Amino acid sequence: MSGRKRVVLKSGKDQSLRRYHPWVFSGAIKKTIGNPVEGDVVDVYDNKENFLATGHYQPGSIAVRVLSFLQVTPDIGFFRDKISAAVGYRRTLGLINNPSLNVFRLIHAEGDHLPGLIVDYYNGVAVMQMHSVGMYRLRREIASVIAEVMKGYVTAVYDKSEATIPYMSGVKAENEFLIGDSEPVTVTENGFKFTIDWVKGQKTGFYIDQRENRRLLGAFSGGRSVLNMFGYTGGFSVYAMRDAASVHTVDSSLPAIEMAGQNVRLNYGDDPRHKTFGVDAFDYLDNIRDKYDLIILDPPAFAKHNNVLSNALQGYKRLNMRAIEQIKPNGIIFTFSCSQVVSRENFRKSVFVAAANTGRNVRIIHQMSQPPDHPVNIYHPESEYLKGLVLFVE
Ligand code: SAH
């Protein structure tokens with residue numbers, strides 16, 4: 001198709017696209033043709049005029065996010081097909097029209113072949129986050145397709161892209177409802193209730209990706225004194241409270257900790273077994289020797305870029321060391337990393353070094369990941385970001 005804007009790669013820089021990796025890094029580009037600007041649709045060619053892919057152009061480190069390895073016109077029909085496929089996949093997972101679960105990820109960017117687009121579903125409200133200007137330009141069309149494809153299940157679509165659009169872009173995004181309107185809603189996850197506030201909350205409002213790990217945690221909590229570090233709005237705490245002897249939720253964000261208290265009350269009323277602490281995690285961990293027999297460590301992403309990787313690994317080591325040192329004998333630790341640049345192997349090594357420094361016997365009894373509504377595109381290993389270990393500390 002002539003007249004389309006092009007990105008031409010340097011010799012030898014076509015290999016990752018030929019293996020279906022959906023990103024083109026700026027360093028791989030030889031030249032552009034047609035003067036593409038951020039958000040434009042471009043065709044990517046190798047330096048011998050062979051077509052490779054169609055995607056959204058974005059000046060910056062990730063210069064093209066691939067929409068298709070066929071030469072397509074990404075119009076509303078294209079997005080309807082992709083979004084319908086994402087919804088159909090969630091239907092096969094049993095997530096749609098499920099009375100005990102009405103909170104899930106509806107679209108997981110590269111994992112659903114829609115790079116730059118995240119959509120989370122909260123009991124009738126879809127919350128979108130766009131990570132590229134190409135997707136942001138299409139926000140109204142995408143919102144209407146979501147409402148159409150999820151007819152009967154979606155009454156409002158909120159766009160929360162203000163903080164996720166690339167910061168160098170000239171686009172000034174505003175958070176707003178594109179369809180309908182809604183106050184915060186109450187959702188049900190595996191039978192537990194949570195109030196979700198996408199306006200005030202972090203990310204789209206809730207860490208949906210920990211759903212299956214919260215369920216596993218629930219199964220380990222019986223009779224234990226539980227410490228939920230980096231507890232946010234109390235996801236793990238609510239599951240633990242079903243059978244635990246006590247649950248302490250720690251987070252440095254005061255609005256988060258207040259919501260954690262509210263979510264526990266929503267499920268259990270005023271229950272003296274639960275306490276919240278709005279303090280820094282590292283300060284709290286200074287003095288907890290023999291106080292807890294189950295500790296959850298779910299810190300924010302320490303590493304956002306490769307150049308801080310070693311600092312991040314140090315951070316995981318320090319954090320895990322404090323917990324392993326001080327937990328009661330025969331204690332259990334749920335420890336996580338959600339950093340995309342920290343591999344499963346590297347995370348495990350940090351925990352290994354932490355354990356070795358304490359001299360205690362530590363066994364790995366479960367390995368955790370992200371749930372199937374956060375699918376990992378096999379050609380895009382970066383989509384696997386959440387990893388966790390359940391440790392048994394003698
Ligand atoms: N476990 C949560 C998600 C945790 S997100 C869930 O399942 O919902 C990470 C949390 O760590 C955020 O709520 C953030 O406010 C908190 N946080 C970041 N730095 C912190 C620190 N130094 N001390 C305590 N909490 C911190």
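Every value quoted in this text rests on a predicted model; they were computed, and no experiment measured them.

A. Quick peek at the overall build of the chain. Helix and strand counts for the chain come out as 10 helices and 20 strands. Over its C-alpha trace the chain gives a radius of gyration of 22 Å, about what one expects of a compact globule, namely 21 Å for 394 residues. Taken along its principal axes, the extent of the C-alpha atoms in the chain is 70 × 45 × 35 Å. Taking all 394 residues of the chain together, 55% fall into the buried category. Contacts in the chain between residues far apart in sequence, at least 24 positions, make up 65% of those at least 6 positions apart. Averaging the coordinates of the 46 positive side-chain charges in the chain and doing the same for the 40 negative ones gives two points 5 Å apart.

B. The sheet that holds strand β7 (residues 103-108), seen in detail. A sheet is described by the order of its strands in space; here five strands give the open sequence β7-β8-β9-β10-β11, paired in mixed fashion. Each edge of the sheet is formed by a strand with only one pairing partner; in this case those strands are β7 and β11 (176-179). Here the strands of the sheet are splayed against their neighbours by 25° on average, with no regard to which way each runs.

C. The environment of E174, seen in detail. Summarising the element assignment, E174 is placed in the loop between β10 (156-159) and β11. In this structure the C-alpha to C-alpha distance between E174 and E162, which are 12 residues apart in sequence, comes to 5.2 Å.

D. A look at the site of the ligand. As a matter of local geometry, the ligand sits amid 15 residues, with D251, S252, D280, A281 and D298 nearest to it. Contact distances for the ligand include 2.7 Å between an oxygen atom and a side-chain N or O atom of D251. At 2.7 Å, a side-chain N or O of D298 approaches a nitrogen atom of the ligand. If the ligand stood free it would expose 580 Å²; the protein chains cover 88% of that surface.

E. Representation of the packing of helix α9 (residues 309-326) against helix α10 (residues 344-358) in the model. Between α9 and α10, the shortest axis-to-axis distance is 8 Å and the interhelical angle comes to 45°. Of the possible angle classes, the one that applies to α9 and α10 is oblique. At the point where α9 passes α10, the crossing takes the right-handed sense. Between α9 and α10, the residues in contact are L309, L313, Y316, K317, N320, M321, I324 and E325 and N346, F347, S350, V351, V353, A354, A355, N357 and T358, respectively. Along the lines of polarity and charge, the residues of the contact of α9 with α10 split into 10 nonpolar, five polar and two charged.

F. Representation of the packing of helix α2 (residues 76-92) against helix α4 (residues 139-149) in the model. Their axes nearest at 10 Å, the elements α2 and α4 cross at an angle of 45°. Accordingly, the angle class assigned to the pair α2 and α4 is oblique. Crossing of α2 against α4: the hand is right-handed. For the pair formed by α2 and α4, the contact residues are I76, F79, R80, I83, S84 and V87 on the first element and E141, I142, V145, I146, E148 and V149 on the second. Per-class residue counts for the contact of α2 with α4 are eight nonpolar, one polar and three charged.

G. Representation of a nonpolar patch on the surface within the structure. A cluster of nonpolar residues, Y20, I378 and Y379, forms a patch on the protein surface that exposes about 360 Å² of accessible area. By secondary structure assignment, the location of Y379 is in the loop between β19 (362-368) and β20 (387-393). For Y379, a relative accessible area of 42% translates into the label partly exposed.

H. Spotlight on unusual backbone geometry. Within the chain, N123 stands out as a residue other than glycine whose phi angle is a positive 40°. Tracing the sequence through the fold places N123 in the loop between β8 (117-122) and β9 (125-130). Judged by its relative accessible area of 36%, N123 falls in the partly exposed class. Here D290, not a glycine, exhibits a phi torsion of approximately 55°, which is positive. As for its placement among the helices and strands, D290 is situated in the loop between α8 (281-284) and β17 (294-297).

Procedures and definitions
Residues numbered from 1 in each chain as written. Predicted model: local features only at pLDDT ≥ 70, side-chain atom pairs only at ≥ 80, totals over all residues. Heavy atoms only, no water. Helix = DSSP H or I, 4+ residues; strand = E, 2+ residues; numbered from the N terminus. Rg over C-alpha atoms; globule rule 2.2 N^0.38 Å. Buried < 20%, exposed > 50% of the residue type's maximum accessible area, 1.4 Å probe, protein only. Contact = heavy atoms within 4.5 Å. Lys, Arg positive; Asp, Glu negative; His and termini not counted. Charge placed at Lys NZ, Arg CZ, Asp CG, Glu CD. Pairing = 2+ DSSP bridges. Axes fitted to C-alpha atoms, helices over the stretch in contact; angles between N-to-C directions. Near = heavy atom within 4 Å. Polar contact = N/O pair within 3.5 Å; in protein donor to acceptor, adjacent residues only side chain to side chain. Areas by Shrake-Rupley, 256 points an atom, 1.4 Å probe, with all protein chains shown as cover. Parallel < 35°, antiparallel > 145°, perpendicular 65-115°, else oblique. Left-handed = near helix turned anticlockwise from the far one by under 90°. Nonpolar A, V, L, I, M, F, W, Y, C, P; charged D, E, K, R; others polar. Patch = residues over 30% accessible without salt bridge, like charges linked within 9 Å, V, L, I, M, F, W, Y side chains within 5 Å. Salt bridge = Lys/Arg side-chain N within 4 Å of Asp/Glu carboxyl O.

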